[in-house]
Amino acid sequence: MKPIFEYTKGMREQDTHYCPGCTHGIAHRLIMESLDERNALGDTIGVCPIGCSVTAHQYFNVDSCEAAHGRAPAVAAGIRRAWPEKYVFTYQGDGDLASIGAGEIVHAALRGEKFTTFFINNAIYGMTGGQMAPTTLLGQKTTTSVDGRKKEISGMPLRVAEMLSTIDGAVFVERVALDSPAHIRSAKKAIVKALDVQEKRLGFSFVEILSTCPTNWGMTPVKAQAWLRENMIPYYPLGNFRCPEEVK
Amino acid sequence: MSEKVLMKGNEAFGAAAIQAGCDLYFGYPITPQNELTEYMSRELGRAGGTFAQAESELAAINMAYGGACAGKKAMVSSASPGIALMQEGFSFIASAELPLVAVNVSRGGPGIGGIQPGQADYRQVTRGGGNGDYHIVVYAPYCIQEAVDLIIRAFDTAGRYRNPVIVLADGMMGQMMEPVVIPQIRRQSSASEIAAEKPWALTGSGGARDRNVVRSLWLDPQQLEDQNIRLDQKYQRMKQELPEYQSVDLEGAEIVFTAFGTVSRIASEAIRLLGQRGIRAGMIRPITLWPFPYHAFEQIDHSTTKLIVSAELSMGQMIEDVELAVKGRKPVRLIQRSGGMVFTPAELAARAEELLSQYQ
Amino acid sequence: MSTRKLILAGFGGQGVLLIGQIISYAAMYEEKHVTFLPSYGPEMRGGTANCTVIVSDDPIACPLADSVTDLMAMNLPSLLKFESAVVAGGNIFLNSSLIRESPRRSDVNVIPVDAAGLAEKIGNEKSSNIVMLGAIINKTAVVRYETVEKVLAEKIFTGAKAGLLAKNKPALTAWTE
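Computed from a predicted structure; not experimentally measured.

## A word on the overall build of chain B
Assigned secondary structure in chain B consists of 13 helices and 15 strands. What you see for chain B is a C-alpha radius of gyration of 21 Å, in line with the 21 Å of a compact globule of 360 residues. Projecting the C-alpha coordinates of chain B onto the three principal axes gives extents of approximately 75 × 50 × 40 Å. Looking at chain B residue by residue over its 360 residues, the buried ones come to 61%. For chain B, long-range pairs separated by at least 24 residues make up 79% of all intrachain contacts whose partners lie at least 6 apart in sequence. Counting every atom, chain B has about 12900 Å² of accessible surface; 49% of that belongs to carbon and sulfur.

## A few points about the pattern of salt bridges
Residue and element names in this part refer to chain C. Taken as a whole and assessed by the stated rule, the structure comprises 48 salt bridges over all chains. The partner of E177 in a salt bridge is K139, and the shortest N-O contact between them spans 2.9 Å. Taken together, the positions of E177 in the segment after α6 (165-172) and K139 in helix α4 (residues 128-140) put the pair 38 residues apart, joining distant regions of the chain. Judged by relative accessible area, which is 74%, E177 ranks as exposed. For K139, a relative accessible area of 32% puts it in the partly exposed group.

## Considering the confidence of the model for chain B
Within chain B, residue pLDDT values average 97, and 100% of them lie at 70 or more. In the predicted complex, the global pTM is 0.95; the interface-specific ipTM is 0.94.

## Focus on helix α12 (residues 319-326) of chain B
Residue and element names in this part refer to chain B. What α12 keeps buried is the set I319, D321, V322, A325 and V326. What you see down the axis of α12 is that its buried residues fit within an arc of 155°, all on one side. Buried residues in α12 make contact with α6 (122-127), β11 (255-258), β14 (307-312) and β15 (332-336). One or two residues past the end of α12 sits K327, with phi positive at roughly 55°.

## Section: the sheet that holds strand β2 (residues 63-66) of chain A
Across the sheet, which stays open at both edges, the eight strands sit in the order β7(A)-β5(A)-β6(A)-β4(A)-β3(A)-β1(A)-β2(A)-β9(B) with mixed pairing between neighbours. Of all the strands in the sheet, the pair left with one neighbour each is β7 (239-242) of chain A together with β9 (213-214) of chain B. Sheet topology places strand β4 (residues 116-121) of chain A next to strand β6 (residues 204-210) of chain A; six bridges connect them, and they run parallel. Bridging across to β6 of chain A, F119 of chain A finds its partner in E208 of chain A. On top of the sheet, helix α2 (residues 72-82) of chain A reaches β1 (44-48), β2 and β3 (87-93) of chain A; it is set at about 175° to β3 of chain A, its chief contact.

## Focus: the domain arrangement of chain B
Residue and element names in this part refer to chain B. Taken domain by domain, chain B holds domain 1 (4-191) and domain 2 (246-357). Measuring from the centre of the C-alpha atoms in domain 1 to the corresponding centre in domain 2 gives 27 Å. Counting residues at the interface gives 27 residues for domain 1, matched by 24 residues for domain 2. Taken over both partners, the interface formed by domain 1 and domain 2 buries close to 2300 Å², and the fraction arising from carbon and sulfur atoms is 54%. Area buried by domain 1 at its contact with domain 2 is led by Q119, Y122 and Y142, which between them contribute 33% of it. Put simply, domain 1 and domain 2 have four salt bridges between them. Linking domain 1 with domain 2 are 15 residue pairs in polar contact (both at pLDDT 80 or more).

Conventions adopted
- Residues numbered from 1 in each chain as written.
- Chains lettered and ligands numbered in written order.
- Predicted model: local features only at pLDDT ≥ 70, side-chain atom pairs only at ≥ 80, totals over all residues.
- Heavy atoms only, no water.
- Helix = DSSP H or I, 4+ residues; strand = E, 2+ residues; numbered from the N terminus.
- Rg over C-alpha atoms; globule rule 2.2 N^0.38 Å.
- Buried < 20%, exposed > 50% of the residue type's maximum accessible area, 1.4 Å probe, protein only.
- Contact = heavy atoms within 4.5 Å.
- Areas by Shrake-Rupley, 256 points an atom, 1.4 Å probe, with all protein chains shown as cover.
- Salt bridge = Lys/Arg side-chain N within 4 Å of Asp/Glu carboxyl O.
- pLDDT = per-residue confidence, 0-100.
- Arc of directions from axis to C-beta.
- Pairing = 2+ DSSP bridges.
- Axes fitted to C-alpha atoms, helices over the stretch in contact; angles between N-to-C directions.
- Domains from an automatic or database assignment.
- Buried area = accessible area lost by both parts, 1.4 Å probe.
- Polar contact = N/O pair within 3.5 Å; in protein donor to acceptor, adjacent residues only side chain to side chain.

Structure below.
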């Protein structure tokens, strides 16, 4: 019998600590599987953020470190200069990347750092217990916006992929979602292309991954997927913003 | 090969780091250390290393953290407010047990302060502004040649203990020029040497070993306590092995200065001036500020010494360590200037003489 | 000579720090001990610039000087700021092209040097600072002429500036008592 689906070598055989219905597991698998497919697990160094995925290194089967809150792109820039031939990636949530680490991600993009950032946008702080993120939608209730996010107080949600795609050094920018099998297949393709960009040393590559947080959204996993589809995707349109000719 | 050259302090610091085998340097402009960043941008690449200008001191220290995770010899430099911004990184790097060398060409504070020389970073570097139970080794050279030698040693100490080391200079030392010998000893480790010497480093597993993880987070309190105990055992070992000082004319001294860095040079001259007036003065010059050489004060000649003076370019910070060392056995008094004002040898001597007269 | 302590002061752009560095290099070439301590910061951008140079046969404890043996004042503010630092019997080298006033001190040697006039005379208007340096060496022998010429050739007028060496050498000996 020929197996049609296997546990990827990129993931360690261990249950994750993520909540039921959380899409971190899917994102982890897509990235690790893509690295395994190019036989790069032994040549990859990952940087984990502060947030729910701070201990993603328990699951990633690659050399990894933790970074202080928001600083993953700076840490990856250091690693990249140490080992220019390896794959280097950061895996960051929306509080980490779009709030406290907004400076680091912009400057990584403008220097055209030759690593890949996977940006998990679930419109909320997960690990600290459901506070408002820069990406929290207007009207969305969180523990620090109990009446819903208001534009007059907190401004409009930040569209990071669009912002970074204005920076020349960010040569590959795409937004994907993990709410349906079709979107997951597209997400995998974007991740593979981002790694292609890195392999060809073309510049900074960035994949924004719209994800769910059923626990802090206060929904069932199924409802959370529908909420993502109906509320996040209209504000955060999926698609490619920049792609170099070499990987099209 | 190693001949005397006339160099500005800041440039000599860079030259020393390159000879010590520095692979990666990350910096951000701030006075009075800019010539060091500029020197590294010019010279490190030519020597086979990599320079990057970060977008902030916060990014610089975290880039260095990344480089150190990867097993490379990484370095940052800055000046007082910039070092303050790096404190998060120092705590993280100490926690993750990574080697790192930082040069602090200090200036006046608090806040943005000023840009003239100061020593008010004493607490910042010896006590740490970062969170948690950690220590950073601090070397305080008094001249450019000693700074060169200590920067080379700092890379070795950082590597040996897998811990950050700060070399504390000041604006005067950074900006002045003196003839100096830079030993020509540069050697960079190859990728396979790094993998062999630093089995913990993130070099890519190559499929040959299990994956490595560099971490600072221990969510299980018992694990974190165990980690803190282990770190503390290392710090206790460092307290035994690292303290260094120089003592000058302690025998028969009526007054003993304690001074580090630039101030110890001023104190040397003040000792000479006091001698001309018939007053015997000596000095204890800490070379390591952490671990502080408390035991040096056991050498004070208790039969003659009437007064111990902590001479500082701050409102009085090192004096707390001096008092801990003296343990109330002798009066300890402060002579200080701050804000970038520097006492001259004559001013220091006159104030010391006046203080001494209170204890005759 | 055992120890000479010099303050060299003037406007930013008058080349006072360069003079300090030349003396420092020369002292090092002559295997003397030397420290060069410049002022730094925003005042360097077109304001006043000064440096303290100590040259000694013995190791130098302190690069700061309470009092100096020699002051080179390239402009009036420098004279006013530093003339009191000169020891009795010390020298004040006065750039008399710019400074009309006389020092208030009567216990020091005042050496007026028409730096700009002499520089013009030898056909190199930009060499006022080297003219002053020549006067300092002439009076103090802090370092030797030959060593300074070697420094100019090896450290200062190198690369694209090598052509300027021949035009600056005469400035060194332009001033005589």
